[in-house]
Structures are given as C-alpha cells and as structure tokens.
Amino acid sequence: MISFALYSIKGGVGKTATAVNLAYLAAAQEGPCLLVDLDPQGSTSYYYRIQPGKKINSKSLAKGKSNIPHFIRESDFEDLFVLPSHISYRKLDIHFDRIKRSKKRIRELIADIGRDYQYVIIDAPPNITLLSENIFRGVDFVVVPVVPTYLSLRTLEQLQNFFNKQHISLKKLVAFFSMVDRRKKLHRAVVEGQDETENAFLPIWIPFSSAVEKMGATRQPLLHYDNQSKAAQAYHQLWDHLKHRFVT
Amino acid sequence: MYTIAGFQVNDAQTIDQHVNQLKKYFIIRGGEERQETWKLSDTFDWRLYNRNLILKRIHHHLALVSLDNSKFDIRQSIQKDIRYVWDLPDGKLKQQLWSILEERALLDIVVDDVRVKTIVVLNELGKTVTRLSIHRFQPKMNITALPESYILVHALQGYKDESDQIVDQLKTQGLHQLTSSLYAYRLRNSDREPGLYSTKVNVSLSDDLPSVEAMRRIFQFLLQIMKENKQGIIEDIDTEFLHDFRVSLRRTRAGLSQVKGLYNDPLTRHFKDQLKKLQQLSNRLRDLDVYLLSKKEFARMLVPDLRPYIDHLFGRLTAEREAEYQRVMHLLQSDEYQNILTTWEQFVNKEYTVEELGINAGKPCKTLAMERIYKSYRKIIKMGKRITDDTPDADIHQLRIDCKKLRYLMEFFYSLFPQKEMNALSKHVKKLQDYLGKYNDYSVQQTFLKKYLDEHHDRSKTSYYTAAIIGGLLEHLYHEQKTLRSAFHSIFRDFSDKSYQKQFNRLFKL
Ligand SMILES: Nc1ncnc2c1ncn2[C@@H]1O[C@H](COP(=O)(O)OP(=O)(O)O)[C@@H](O)[C@H]1O
Ligand SMILES: [Mg+2]
C-alpha cells in the first residue's frame, strides 16, 4: 500500500481536482484505492456525489475509533472508495491538540484502514496546522500542486523549510505545476525557469483548462467524461510520473 | 461491490415488466448489454466445490468465488489459459489456489454463453447506490427454448440499506429468490454431478452378506474409479488420474489376495497375475511423476551451490517421463492390456457357477472380515517385534506392505464395525504406515538415483553436474533414512501398545 496526500499551503491550486482524477486512475489501473477527504469543505466528496455518514465526526477520527471503515463509501467506479469529509473536520486540529502522541494518529489511521487498498490518497486542507503536520508524517508522499507564480514558489519554499525544521524527510515532497496558462508570460517564465532536480518538480504540468472546471457541473472525474482532452492527458502523465517516483 | 441476492425469472419475457415496476419506486438507469462467456472450473475431484468455492473465468478475468452469497472473492487478470496453478502469475490467488489444488489440473466444468445487462439504481444526487445485473443464459441444446434468466442485486459498500430495499421490492414482485449463488445454479448444468468423487471405498455392507457378494460390490466400486480416471490418463491431464487409477488397482489386488477363498484357486491366481501385470506397466511412469513433482524438495536437500544444477537432472527426467508416457499409452490401449480390465469387469459382474467359487465365498462377510483383519494385525505385531537394529531393510519393507494390506482390509469392511472406533484405529495404523512409507521412499529414491548414475555416464559437462547432484542427494537421503530408522522402536512401541491390542481383539477376534 502506498499513501500520498495532495497538499498546499494555499487554497484553489488544484489539489482537489488532482486528487479526484488521480484516485480514479489509481483504482482503474492498480486496484482498490481509498480517497480520504480531510478538507471540511468536502469538495472531493461533492465530486463523487457522496454525502458523509450521519455519525462520522472529527472526534472519532482524531481518536482513531475503529468504526472509521464503517463510513467508507463505494464510488460509482470499480475499486474506488471514498472516506467522505464532514463539516466537523474544522475542529480536527483542536482534537489533535488534545491527544497525546497525536503526531502519529494519521499514520496509525492509514496503516489501519489502508490494509485493503493499493493506494490511500488524501485530499488535505490548506494552511500549516497540527493536522497537516500529522499528514506529512503519516503519508509516504506529499504531492504539492504549484500555480506558476513567484508567490507560490515562495510558499513551496516555506513548506520545505517547515519539513526541515520538523525533521521530516524532504524526499517525501513532490511538486508539479498546476493550472498552467501558456498564454501568460509569467506562467511561462516560472515553469521554464524551474530547475527540476533542485525543487522536486516533476517534469510535467497540468494546463489551465475549462474541461477541468466543468467537473463542478458534471460531478464526475474529468477522466471519466473526457479522457481525450489535453488536461486529461496531463493527469495521465502526472500519474505515470508519480508511480515512477513512488517505486524509486 | 458484492452480490447480496439473486432471483430466477421463469419467463424471460417478463424481465422488462419487472424492471418497469422497479421504476415506479426507484431512479433507474439502463446500462448497456454485453455478451460474455463464463467458464466455471474445478479439479476432477471437486477440490473447490467441496470447499464451497469455484473458479470463475470471464475473458481475461479470473476469480475464486464462493458458492454461497458471501463477499469472498480473490481476483486476478490473466493473459493465457490456466490449466495448473503454476501457470498463474504470482499473487494472492496463486497462493490460495496452490494450497487447495496442488498439482491437479483445472477442468472446465461449465462453459456458458450469457448476455449480461447492467442496470443502476441512483439516489437523488445521481450517485449509484445499487447495481442490478440481468443474465440470460443461451440454451445449449434446444435452441427454441427460452433462455434461463436471473436478476442479481449487487450492493455497494456503504449503501446496503438501498440494496435491501430493492431486494424487498423484487420479492414483492413475486420473483423466486436463489438460495445459493448463481454459480452453484450453473454447476447443475454440468455433465457430472458436482462434488461426487472420492477414491475412498464407500460401500455399505450388512453382516450376513455372503463374502463373494460383499467383495463384488467393493470390486465394482474400485472398477468404477478406474474407469472414471482412464480418459484423464490418456489425455495426460494431470498426474493424479494415473495415481487414483493405480490406487484402486492396488486395492483390488489386495482384495484378491487378502480376502482369500472367494473364487477357486486358478481363477484367483489368473486375475492376480493379470492385474499385477497391469499395475507394473505404469510403475516407472508413476515414479517419474513423483520425482518431477518433488523437484523443490530435492533442491532443498542440496547444498546451495549445487541447487541451480538440479535443472540438468530434471530436464532429463522430464524427457524420460515423456518417452515413458508414450510407451505406457501405447501398451495401455493395446488389446492385450485393454482385455485385462474388460475380462475382470465381466467377471466381477457375472453370476458365478459353483465350480468358480472358493471355500469362503458363502461365508458371512463380517466373519471373514474379522478373521482377515485380525490375522493381518497379528502378523504385523509379530513381525514388528522381531525387528532389531540389524534387521535388513527388506524386512521393514515387508512390514510396510503388510501394514498397507491391513489398512485396505479395514477400509473395505469399514461399514461393518462401529464408526468411531474404526476411525480411531485407522488413524492409529496410518501413523505406522506413514512412517514406513517415508522409510521406503528414501530407499526407492536411493535405488532410483544409483541406477540413474549407472545408466547415464556419457562424458558431457551436464553429466558431471548431474553426477554431483546425485551424489549430494544420495548423501542426504542416506542420512535422513538412518535417522528415521533409529526412531523405529519408539514408533512401533506406540503401535503395539496394549490398549490398542485390546481394542483390536475386541473388534476383530472371533
Ligand atoms: N487545471 C485546471 N484548469 C482550470 N481550472 C481548474 C484546474 N484545476 C482546478 N481548477 C478549478 O479551480 C478551482 C479550485 O480547484 P481545486 O482543485 O478545488 O483547488 P484546491 O483543492 O487546491 O482548493 C475549482 O473550481 C476547479 O474546478
Ligand atoms: Mg480542495
């Protein structure tokens, strides 16, 4: 089982869009895959048309109650399962703060529920919090979408510094450019100016595309209704690169 | 997704009506229809079926599934046809199947052409909450007959309540619910009755039945097994067809020699000789089969440096086995050998004249059974007591043969004695038999290897390696056998324990 989180300090960078589509590919190609929606906004759950169970809440998640598998929902697609988000996840941080050894909670959770899956993919909320620190420690890889602006590059640096300070291996960190608009001079400049080896950037970027935006209306993964679009092809390539990174 | 219920639709033309009725209460979307070929496979001796499992193959997808509606399901996609477990790619399925099937081949039990239509049930968000699949099996023989049709209900994890509602609705619509999985229903279309095969003698006798009649039934049973396995031997499907054939033949011969005086002497001798000839025909073939199956074990006996070279030896053995198989098949299908079994069958089924019968023919079978079992048991006790550390191997082998005969006798007449005690005593005898069997295997293997060494001494490099391998194996086998020998006394002490002697006396002493 391999686990990774889609994470960024910033919101609106394509975390959810990526998590939704990568999970779709992982399930189709590799077998059982669990997509965990930890963002209280619940966009991932929304795209898969899954409502949270009534009794799921942040307390049981933080405390590691064994009833978590009970909340897992099977998606419309073979081998793809979703642990939906819940509004109470806003308070996850507070709960983690109250628990001893809380830094290991997510890791234990993944080890526990991840047994039946080939991949566990987490759609993480933005900001650096106790919860995100937990996620960094708990997953095998942290995948960071970066919109090509100098400001975004700076937030990536902040994240790298945080990893260093907390003694979390930088090898876990994988970045890629997201929502790239080739018509924008700035985007071109940033993408082309990146030294791949230095900043953990994968040699692949996801274009800005209205096809992706349409997901909000269709409530389906892009790869399901438009597998041929440029953006869909880019997700395929991103997944191939990630798989390669996971095994090396 | 897992199947929670199945329904049989007697009249295929009503399927649409049933679906339309569901539409009154649920949001239903019709899916596409596709053609599938289903292959359900098992071994000749029903190893999967008897564990309530079956191997299902649909195109490139293989799955080990349960015959009741449980979630158990191990899947694997495959590129080519699978006949033996070792043809499978490594993984969970291979591991699980190996522990059940071992070297037995998979046979297609049922091959079905089926049209499958999937229908989804959605909730108010448009999320799929249940799937239905409609299966129409193309009739094989009678083209004009209506296809057998079924509706299966599949639940999605987290949406069990929604599926239960569908199941309830279909019940109200008067459909007949299946009591086991659809696979179990399809297996009934097989030519053979599922699950019915065992080489274990299963003949129930009554105490006063004349011995010749009792043995007639046992011989008939054994003949049946031999006949059932014949095609598998000829097609060389796997090694166990020959094995089962030979075991039944050996049991038959033991019946002739151990249950004395059924027929007159010349007749008994004639059939004993004939059946022995038939058995000997495949001795070497079976030996080679056993060696080839135990390659891994042999490899483990060698020092690691020699292990890779074991392929030389086994390559040759494989070639030899092929040649031997051709030889045996040729003879087995010749008139001379065919006649052995056909005349034996005719004889087993005929009305006997007084002259043909022997002195024990009319004796009540329980009396004869007690006499023979008791005598056979006493003989083993007597022989075993005489064995010391200096006794030659040949005597130990004789003891093994006698032990086997006792086991066969107890199997033949199992139904005449209290079951519980027979089970316990059989187990008791088997312990000694297993020990002696293992001891014998070591001897046979050493003899085989020595003979092999004598017969293959060209000067090729391969021969040198093979010789080194054989040397390594002989050394190992020799020491193992010696260790085993030193355990004889404690094994035999257990076997001849007074409490067991008493039990034997009580059951079998007249
Ligand atoms: N490659 C893309 N091209 C165009 N729009 C995108 C792309 N990726 C995401 N979006 C849109 O941008 C918005 C934010 O994306 P989302 O994946 O939800 O970001 P995050 O999860 O990081 O907050 C959404 O409306 C989404 O449809
Ligand atoms: Mg998001």
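On a predicted model such as this, the values are computed, not experimentally measured, just so you know.

Participant: Sorry, what's going on with the overall build of chain B here?
Facilitator: Looking only at helices and strands, one finds 17 helices and nine strands in chain B. Expressed along its principal axes, the backbone C-alpha trace of chain B runs to roughly 85 × 65 × 50 Å. Pairs at least 24 apart in sequence give 70% of the contacts found in chain B among residues at least 6 apart. Within the structure as shown, chain B displays about 25800 Å² of accessible surface, and the carbon and sulfur contribution to it stands at 50%. Side-chain charges of chain B comprise 80 positive and 67 negative groups, with the mean position of each set lying 4 Å from the other.

Participant: Explain the site of ligand 1 to me, please; I cannot follow it from the model alone.
Facilitator: All names here are of chain A. Neighbouring residues of ligand 1: 14 residues in total, closest Gly12, Lys15, Thr16, Ala17 and Ser209. Here glycine 14 contributes a backbone N or O atom positioned 3.0 Å from an oxygen atom of ligand 1. In the model, a nitrogen atom of ligand 1 is placed 3.0 Å from a nitrogen or oxygen of the proline 207 main chain. Burial of ligand 1 by the protein amounts to 81% of the accessible area it has alone, namely 560 Å². Counting only elements with at least two residues in the shell around ligand 1, the list comes to helix 1 (15–30), strand 8 (201–207) and helix 10 (210–213). Among the elements that line the shell around ligand 1, the one with the most residues is helix 1, at three residues. Residues of the shell around ligand 1, tallied by class, amount to seven nonpolar, five polar and two charged.

Participant: Before we go on, may I ask you to explain the packing of helix 1 of chain A against helix 13 (residues 230–247) of chain A in this structure?
Facilitator: Geometrically, a packed helix pair is captured by the angle between its two axes and the distance between the axes. All names here are of chain A. Relative to each other, helix 1 and helix 13 sit at 70°, their axes nearing to 10 Å. When the interaxial angle is binned, helix 1 and helix 13 end up roughly perpendicular. Between helix 1 and helix 13 lies a crossing whose hand is right-handed. Contact residues: Ala17, Thr18, Asn21, Leu22, Leu25, Ala26, Gln29 and Glu30 in helix 1; Tyr235, His236, Leu238, Trp239, Leu242 and Lys243 in helix 13. Classifying every residue of the contact of helix 1 with helix 13 gives eight nonpolar, four polar and two charged.

Participant: Before we go on, may I ask you to explain the domain arrangement of chain B in this structure?
Facilitator: Think of interface size as the accessible area that goes away when the parts come together; that is how it is often given. Residues and elements named next belong to chain B. Under the domain assignment used here, chain B contains domain 1 (2–187), domain 2 (206–363) and domain 3 (365–510). If you average the C-alpha positions of domain 1 and of domain 2, the two centres end up 41 Å apart. Across the boundary between the two partners, domain 1 contributes seven residues, which contact ten residues of domain 2. The junction of domain 1 with domain 2 conceals about 740 Å² of combined surface from both sides, 55% of it contributed by carbon and sulfur atoms. Per-residue buried area on domain 1 facing domain 2 is highest for Phe44, Glu103 and Arg104; these three make up 65% of the total on that side. Among the salt bridges present, the one from aspartate 238 reaches arginine 104, with a minimum N-O distance of 3.1 Å. Here domain 1 and domain 2 share three residue pairs in polar contact (both at pLDDT 80 or more) between them. By residue class, the composition of the side of domain 1 that touches domain 2 is four nonpolar, no polar and three charged.

Participant: Got a minute to help me understand a positive patch on the surface in this structure?
Facilitator: Residue and element names in this part refer to chain B. A contiguous patch of positive charge, built from Lys260, Arg269, Lys272 and Lys375, is present on the exposed surface. Checked against the element boundaries, lysine 272 lands in helix 7 (residues 265–281). Residue lysine 272 is classed as partly exposed on the basis of its relative accessible area of 35%.

Participant: Even after reading the chapter, I still don't get the interface of chain B and chain A, so can you show me in this structure?
Facilitator: Counting from both sides, the interface comprises 13 residues of chain B and, opposite them, 16 residues of chain A. Summing both partners gives a buried area of about 1100 Å² for chain B against chain A, and 34% of it is carried by carbon and sulfur. Our enumeration of links across chain B and chain A arrives at three salt bridges. At the junction of chain B with chain A, the criterion picks out ten residue pairs in polar contact (both at pLDDT 80 or more). Residue composition of the side of chain B that touches chain A, grouped by class: five nonpolar, four polar and four charged.

Participant: Even after reading the chapter, I still don't get the environment of Leu341(B), so can you show me in this structure?
Facilitator: Residues and elements named next belong to chain B. Mapped onto the fold, leucine 341 is located in helix 11 (residues 335–349). Between the alpha carbons of leucine 341 and glycine 195 there is a distance of 26 Å; along the sequence they are 146 residues apart. Beyond its immediate stretch of four places on either side in the chain, leucine 341 contacts Leu223, Met226, Phe245 and Leu278.

Participant: Sorry, what's going on with the pattern of salt bridges here?
Facilitator: Once the charged atoms of two side chains with opposite charge are near each other, the side chains can pair. Residue and element names in this part refer to chain B. Counted by the stated rule, this structure contains 40 salt bridges over all chains. Here glutamate 36 and arginine 34 are joined by a salt bridge, their closest N and O atoms 2.9 Å apart. Here glutamate 36 falls in the buried class, since its relative accessible area comes to 8%. Its relative accessible area of 34% is what places arginine 34 among the partly exposed residues. Taking the shortest distance from any N to any O, the salt bridge between arginine 321 and aspartate 236 comes out at 2.9 Å. Of this pair, arginine 321 sits in helix 10 (residues 310–332) while aspartate 236 sits in the loop between helix 5 (211–234) and helix 6 (239–258), placing them 85 residues apart in sequence. Under the relative-accessibility criterion, aspartate 236 is labelled partly exposed at 23%. Through salt bridges that share partners, Asp45, Arg47, Glu102, Arg104, Asp238 and Asp244 make up one connected network.

Participant: Any chance you could explain the packing of helix 12 (residues 365–386) of chain B against helix 13 (residues 393–412) of chain B here in plain terms?
Facilitator: All names here are of chain B. Running from N to C, helix 12 and helix 13 cross one another at 155°; their axes reach a closest spacing of 9 Å. Considering their axes alone, helix 12 and helix 13 lie roughly antiparallel with respect to each other. Helix 12 and helix 13 meet at a crossing whose hand is left-handed. Only Asp395, Gln398, Leu399, Asp402, Cys403, Lys405, Leu406, Leu409 and Met410 of helix 13 make contact with helix 12, whose side of the interface consists of Arg372, Ile373, Ser376, Tyr377, Lys379, Ile380, Met383 and Gly384.

Participant: Sorry, what's going on with empty space enclosed by the protein here?
Facilitator: The full count for this structure, using the stated rule, is six cavities of 30 Å³ or more. Taken as a whole, the largest cavity spans an internal volume of roughly 90 Å³. Ser8(A), Ile9(A), Lys10(A), Val13(A), Val144(A), Pro145(A), Val146(A), Val147(A), Ser152(A), Thr155(A), Leu156(A) and Leu159(A) are the residues that line the largest cavity. Within the residue set of the lining of the largest cavity, elements represented by two or more residues are strand 6 (141–146) and helix 7 (150–165) of chain A. A breakdown of the residues in the lining of the largest cavity according to their chemical character gives eight nonpolar, three polar and one charged. Here the second largest cavity is characterised by a volume of approximately 60 Å³. Looking at the second largest cavity, the residues that line it are Lys230(B), Phe245(B), Leu278(B), Leu332(B), Tyr337(B), Gln338(B) and Leu341(B). Looking at the lining of the second largest cavity, the element that brings in the most residues is helix 11 of chain B, giving three residues. Of the residues in the lining of the second largest cavity, the class split is five nonpolar, one polar and one charged.

Participant: Would you take a moment to explain helix 17 (residues 498–508) of chain B for this structure?
Facilitator: Residues spaced three or four apart along an α-helix point in a common direction, a consequence of the helix completing one turn every 3.6 residues. Residue and element names in this part refer to chain B. Buried residues of helix 17: Gln501, Gln503, Phe504, Leu507 and Phe508, and no others. For helix 17, the arc enclosing every buried residue in end-on projection is 160°, short of the 170-degree limit, so these residues lie on one face. In this structure, helix 17 carries Lys498, Lys502 and Arg506 as exposed residues pointing more than 90 degrees from its buried face. Where helix 17 is buried, its residues touch helix 12, helix 13 and helix 14 (419–455).

About the cut-offs
Residues numbered from 1 in each chain as written. Chains lettered and ligands numbered in written order. Predicted model: local features only at pLDDT ≥ 70, side-chain atom pairs only at ≥ 80, totals over all residues. Heavy atoms only, no water. Helix = DSSP H or I, 4+ residues; strand = E, 2+ residues; numbered from the N terminus. Contact = heavy atoms within 4.5 Å. Areas by Shrake-Rupley, 256 points an atom, 1.4 Å probe, with all protein chains shown as cover. Lys, Arg positive; Asp, Glu negative; His and termini not counted. Charge placed at Lys NZ, Arg CZ, Asp CG, Glu CD. Near = heavy atom within 4 Å. Polar contact = N/O pair within 3.5 Å; in protein donor to acceptor, adjacent residues only side chain to side chain. Nonpolar A, V, L, I, M, F, W, Y, C, P; charged D, E, K, R; others polar. Axes fitted to C-alpha atoms, helices over the stretch in contact; angles between N-to-C directions. Parallel < 35°, antiparallel > 145°, perpendicular 65-115°, else oblique. Left-handed = near helix turned anticlockwise from the far one by under 90°. Domains from an automatic or database assignment. Buried area = accessible area lost by both parts, 1.4 Å probe. Salt bridge = Lys/Arg side-chain N within 4 Å of Asp/Glu carboxyl O. Patch = residues over 30% accessible without salt bridge, like charges linked within 9 Å, V, L, I, M, F, W, Y side chains within 5 Å. Buried < 20%, exposed > 50% of the residue type's maximum accessible area, 1.4 Å probe, protein only. 1 Å grid on protein atoms, 1.4 Å probe; cavity = no way out; pocket = protein on both sides within 12 Å on 5 of 7 lines; lining within 4 Å. Points joined across faces, edges and corners; volume = space filled by probe spheres on them. Arc of directions from axis to C-beta.

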